[in-house]
Amino acid sequence: MTTPKLVLSTPADILSAVPYLVGFHPTDSLVVTGSTGPEVRLTTRWDLPADPRDIDRLVPLLRREAVTSAFLVGYGPGALVTPVVDEVTRLLRAGDIRVTESLRAEGGRYWSYSCTGATCCPAEGTPYDTGGSRVAATAVMHGLVALPDRGSLRRSVQPSGGTRMRQATFRVTAALRTCLAAMETAMETAAGPDEQAARFVADALERVRAAIGLYASGGRLGDEEAARLGLDLAVVRVRDEAWALIDDRDAHLALWRDLTRRLEPGHAAPAASLLAAAAWQRGECALAGMALERALDADPGYSMALLLRQALTHMMSPAMLRDRMPTPEELDDEMGAPRAVWLAPLRALLAPAQTGSLS
C-alpha cells in the first residue's frame, strides 16, 4: 500500500496524522516525521526518556532518506518532552534539515514550540480532537489503522491459534513426517533425494505465491493450509522467496501477521520475520520491532530476525536492504538446484523434541 497524501496544514492535522503514521496513539514518546517536498519519507518514534545514542543517529538516517524538512511531536509532560525536543531541533538545524513544526501533546491539548503568540498558542494549551478530523478520515479511507496504544499493537502479533489450529498443526505435522520418511528411501529409487527435494520446494513456492494472491483478494488460509505454509517456511529457499516477493501491497502484512498469530509458537520465527520485513519496508517500525520479538521468542538464534533487528537498531533505511534483495530468479542462480540438505531445518522442526505435545 502506498501511504495516502495527507495534507497537514495545521498542528491539529499533524496530531491527527501521527497515530496513523506510527500505527497507534503514542504516549510518553517523541515522533519525528521527515519529508522531501510534499512527500513523507519516514516516521520514527522513541520512548521517552530517549537514549542519547538513538537521537544521535537521527540526522544520518534523515540524510540517507534525502529528507529536507521534519516535524516533531512529543507526547507527555513538559519536563519529559521539552529537553529532547530542544536537542533534536538543534541537531536537525545543524544538519540543515528544516523544522516545520514542533509540538507537545498531553491530555487532549497541544503546545507549539514554534509559536510564541499568546492569542494563537495560549499558556494552557490548545484543545484538539484526532477522531473526527479530515486527516483521520482520509487515513481510514485508505486503510491506515491507529490502534489505541502500544499494547494494542503488541497484542496484534500475539499468539491466537487456539485448539482448532493446534489440532490442524498436529495433522499437518504427522503428514509431513510421513512424507519426509518416504523421501528417506528415495536413494534406493530412480528419483533421488535431491529430485524429491526439488519437488517439495517447487510445491512450497507455489503455496507461498498462492497465499499472497489469496490475501490480496481478501481471503484467508484455512487452519491446515496455514500450518503447512508455516512449516514450508522452515526451508530457507522458500522463506527467501517470500521475502523477495514483499512489496507495498497490504497482502504481505495481512498474510504474515495472520500466520504469526496462528502458528504454534515454535513454528512462528519465519512468518514473524517476514511480517517484520513487510512492516519495516512500509515504515511501520514499531510493528516490525514487535514482530521481531515474536520471532526471537520462537528461535533466539534465527538469523533473519537478528539481521533485521540490527538494521532497526542502527536505523538503517529499508531501501538499503531492499535494494540488495535478490529476485526469485537471482535466488535460483545463487542457490542452485534444490538439494536434500535444504530440508534439514524442517526435519529438525518436526523432530519430537521440538514439537513437544504435537508428537
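For the structure, see preceding data.
Counting starts from 1 at the beginning of each chain's written sequence and moves along it residue by residue. Side-chain atom pairs in this predicted model are given and counted only at pLDDT of 80 or more, local residue features only at pLDDT of at least 70, and totals for whole chains, interfaces and linings cover all residues. Water and hydrogen atoms play no part in the side-chain values, which are based on all heavy atoms of the structure.

Here we come to a negative patch on the surface. A patch is a set of surface residues, each over 30% in relative accessible area and not in a salt bridge, joined within 9 Å for like charges and within 5 Å for the nonpolar side chains Val, Leu, Ile, Met, Phe, Trp and Tyr. Per-residue accessibility takes into account occlusion by the displayed protein chains alone, with areas from the Shrake-Rupley method and a 1.4 Å probe. Salt bridges are defined by distance alone: a side-chain nitrogen of Lys or Arg within 4 Å of a carboxyl oxygen of Asp or Glu. Neither His nor the chain ends contribute to the count of charged residues, in which Lys and Arg are positive and Asp and Glu negative. Each charge is placed at NZ for Lys, CZ for Arg, CG for Asp and CD for Glu. A cluster of acidic residues, Glu-329, Glu-330, Asp-333 and Glu-334, forms a negative patch at the surface. In this description a helix means any DSSP run of H or I spanning at least four residues, a strand means any run of E spanning at least two, and both kinds are numbered starting from the N terminus. Checked against the element boundaries, Glu-330 lands in helix α16 (residues 328-335). Residue classification places Glu-330 among the partly exposed positions, given a relative accessible area of 39%. Buried, partly exposed and exposed residues are distinguished by accessible area as a fraction of the type maximum, computed with a 1.4 Å probe on protein chains only: under 20%, between the cut-offs, and over 50%, respectively.

Time to look at the pattern of salt bridges. Close approach of charged atoms lets side chains of opposite charge pair. All chains considered together, the criterion is met by 23 salt bridges. Linking Glu-224 and Arg-171 is a salt bridge whose minimum nitrogen-to-oxygen distance equals 2.5 Å. With Glu-224 in helix α9 (residues 223-232) and Arg-171 in helix α7 (residues 162-184), this pair connects stretches of sequence that are 53 residues apart. Assessed through its relative accessible area of 38%, Glu-224 is described here as partly exposed. Given the relative accessible area of 42%, Arg-171 is considered partly exposed.

Another aspect to go through is helix α1 (residues 11-22). When the terminal C-alpha atoms of α1 are compared, their 17 Å separation across twelve residues agrees well with the 16 Å that a helix rising 1.5 Å per residue should span. Of the residues making up α1, those classed as buried are Pro-11, Asp-13, Ile-14, Leu-15, Ser-16, Ala-17, Val-18, Pro-19, Tyr-20, Leu-21 and Val-22. A helix's residues, less one, multiplied by 1.5 Å, set its expected span.

Another point: unusual backbone geometry. Following Leu-48, the chain continues into Pro-49 via a peptide bond in cis, with omega recorded as 0°. For Asp-28, which is not glycine, the phi torsion reads 45° and is therefore positive. Along the chain, Asp-28 turns up in the loop between α1 and β1 (29-36). By relative accessible area, Asp-28 is classed as partly exposed at 37%. Unlike most non-glycine residues, Ala-66 shows phi in positive territory, near 60°. Structurally, Ala-66 can be placed in the loop between α3 (58-64) and β3 (69-75). Ala-66 gets classed as partly exposed once you look at its relative accessible area, which sits at 42%.

For the rest of this paragraph, the subject is the packing of helix α10 (residues 236-244) against α16. Every angle, taken between N-to-C directions, lies between 0 and 180 degrees, and every axis is a line fitted to C-alpha atoms, over only the stretch in contact when it is a helix. α16 packs onto α10 with a crossing angle of 150° between their chain directions and a minimal axis gap of 9 Å. Viewed along their axes, α10 and α16 adopt a mutual orientation that is roughly antiparallel. Our pair here, α10 against α16, has a crossing hand that is right-handed. Residues Arg-237, Asp-240, Glu-241 and Ala-244 of α10 form the contact with α16, whose own contacting residues are Pro-328, Leu-331, Asp-332 and Met-335. Only Asp, Glu, Lys and Arg are considered charged, only Ala, Val, Leu, Ile, Met, Phe, Trp, Tyr, Cys and Pro nonpolar, and every remaining residue, Gly among them, polar. Here the residues of the contact of α10 with α16 sort into four nonpolar, no polar and four charged. Note that the term roughly parallel is reserved for angles under 35 degrees, roughly antiparallel for angles over 145, roughly perpendicular for angles of 65 to 115, and oblique for everything else. In a left-handed crossing the near helix is turned counterclockwise from the far helix by less than a right angle, and in a right-handed crossing that turn is clockwise. Between two residues, a contact is recorded if the distance between any of their heavy atoms is within 4.5 Å.

It is worth spelling out the environment of Asp-248 at this point. Tracing the chain through its elements places Asp-248 in the loop between α10 and α11 (250-262). For the pair Asp-248 and Gln-281, spaced 33 residues apart in the sequence, the C-alpha separation amounts to 7.7 Å.

A few words now on the sheet that holds strand β4 (residues 98-106). Taken in spatial order, the six strands of this open sheet run β2-β1-β3-β4-β5-β6, and their pairing is mixed. Strands with a single pairing partner mark the edges of an open sheet, and in this sheet they are β2 (39-47) and β6 (126-127). As judged from the seven bridges shared by β3 and β4, these two strands associate in the parallel manner. By the bridge assignment, Val-73 is partnered in β4 with Leu-103. On the sheet, α1 packs against β1, β2, β3, β4 and β5 (109-112) and is oriented at approximately 85° with respect to β3. The sheet contacts of helix α4 (residues 78-94) involve β1, β3 and β4, and relative to β3 the element is tilted by about 170°. In this analysis, strands are considered paired if DSSP registers two or more bridges between them.

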